[in-house]
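Chain residues, written in single-letter form:
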Amino acid sequence: MKLPTPRYVVYIDEAGDPGVKQKSAAELEAASEWFVVSAVVIRDAREQDAPAWIADMREAVRAQGRSPIHYRKLSRSNQARVCRMLAGKDVRIFIVASHKTNMRGYQNKRIGSSFGRGEFYNWCLRLLLERVTQWCANRSKVEKRGIEAARIIFSERGGHDYTHLRGYIDTLCAQAETGRTFLKAKEVVPGVLHAGLCDVRPHSGLAGLQLADIAASAFFQGLDSKSSAYSTEPALALHPRVAKAPKQRSAAGFGLLRLPFGHQGEIPINDRPLFEAYGYSWG
């Protein structure tokens, strides 16, 4: 089957470890319990602008040579600076942020006896792609066009089985097209997502993936209050570009999705300020 011409490019990266195996108290104290996966969406016509955006950021932070932007290697002031610059670009940002404590040992008959590393990552990815494809479909509708496809580019990371991941995406597409999506409070939008339009590329070789790294890392930094690098300033600077649902002012639950959901568990009190700034409330 001939693949459609993509009208959107979606760059996906992550911050933190998607592993959810049980840990000792000492391990939980030493490592972050946050996992963040991000998507930066660009219209295909603007894809060629991304290298210039990264070049401007490199100049602003006085990067040496031709090295790519790695958010975690930047100074605190430069982290905030690149986020402010990204907030001025024609992109939309989506974040799924999970505090993993409440996901350990989670049981679900639809996905198997419990979450493992791969199943947990796929679950977060599904929630991300549901919102990304909904936004793309709505944007095409607003612009009075039919459903338009998106090309998905993942930042290559060790520990992922990308063959299995492509198969999972193919399954999501098939389930959505036939109305058989499991747990379908939401589902990916048929016609936007195609397994054949998914690719895996190194972070260093693609400017768009460096933008996704900035988004994922900024939110990871702004959620883990136990970290010495904790700061909400960079993630708050991205606010203008974090996607909002149609007719919704806040990004809460759409552009920024928290896990666990309210009925599954709580977010630590000290880690809540960033969520609150994006419209979440507790009570």
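Residues numbered from 1 in each chain as written. Predicted model: local features only at pLDDT ≥ 70, side-chain atom pairs only at ≥ 80, totals over all residues. Heavy atoms only, no water.

Draft legend 1. Inspection of the environment of lysine 186 at higher detail. One can find lysine 186 in the loop between helix 5 (162–178) and strand 5 (198–201). In this structure the C-alpha to C-alpha distance between lysine 186 and arginine 131, which are 55 residues apart in sequence, comes to 8.4 Å. (Helix = DSSP H or I, 4+ residues; strand = E, 2+ residues; numbered from the N terminus.)

Draft legend 2. Structural context of the packing of aromatic side chains. A full pass over the atoms with the stated rule returns 10 aromatic pairs. Taking the centre distance of 6.1 Å and the plane angle of 70° together, the rings of tyrosine 8 and tryptophan 135 count as edge-to-face. Of this pair, tyrosine 8 sits in strand 1 (residues 6–16) while tryptophan 135 sits in helix 4 (residues 117–142), placing them 127 residues apart in sequence. Look at phenylalanine 35 and phenylalanine 120: their rings are 5.9 Å apart centre to centre, the planes differ by 55°, and that puts the pair in the tilted class. Of the two residues, phenylalanine 35 is situated in strand 2 (residues 34–43) and phenylalanine 120 in helix 4; the sequence distance between them amounts to 85 residues. A network of ring pairs unites the aromatic residues Tyr8, Phe94, Trp135 and Phe254 as a single cluster. One Lys or Arg, arginine 43, reaches over the ring of tyrosine 8 and ends 4.6 Å from the middle of that ring. (Phe/Tyr/Trp six-rings, centres within 6.5 Å; stacked < 30°, edge-to-face > 60°. Lys NZ or Arg CZ within 6 Å of the ring centre and 35° of its normal.)

Draft legend 3. Local environment of the pairing of strand 6 (residues 256–259). Residues Leu256 and Arg258 point to one face of strand 6 and Leu257 and Leu259 to the other, with burial holding for every one of them. For strand 3 (residues 92–99) and strand 6, the ladder comprises 4 bridges, and the chain directions are parallel. By the bridge assignment for strand 6, alanine 97 is matched with arginine 258. (Buried < 20%, exposed > 50% of the residue type's maximum accessible area, 1.4 Å probe, protein only. Pairing = 2+ DSSP bridges.)

Draft legend 4. The state of the cysteines, seen in detail. Tallied over the full model, the rule gives 0 disulfides. Among the cysteines around cysteine 173, which has no disulfide bond, cysteine 198 carries the closest sulfur, lying 7.1 Å off. (Disulfide = S-S within 2.5 Å.)

Draft legend 5. Representation of the sheet that holds strand 5 within the structure. Strand order across the open sheet formed by 6 strands is 5-4-1-2-3-6, with mixed pairing between neighbours. The sheet terminates laterally at strand 5 and strand 6, the two strands that pair on one side only. Along the sheet, successive strands turn relative to each other by an average axial angle of 20°, direction set aside. Relative to strand 3, strand 2 is paired through 8 bridges, and the arrangement is antiparallel. Across the sheet, valine 41 pairs through a bridge with arginine 92, a residue of strand 3. (Axes fitted to C-alpha atoms, helices over the stretch in contact; angles between N-to-C directions.)

Draft legend 6. Highlighting the environment of lysine 244. Along the chain, lysine 244 turns up in the loop between helix 7 (233–237) and strand 6. On a C-alpha basis, the gap between lysine 244 and arginine 131 in space is 9.7 Å, while along the polypeptide they are 113 residues apart. Once you skip the residues sitting within four places of it in the chain, lysine 244 turns out to touch Trp135, His239, Arg249, Ser250, Ala251 and Phe254. (Contact = heavy atoms within 4.5 Å.)

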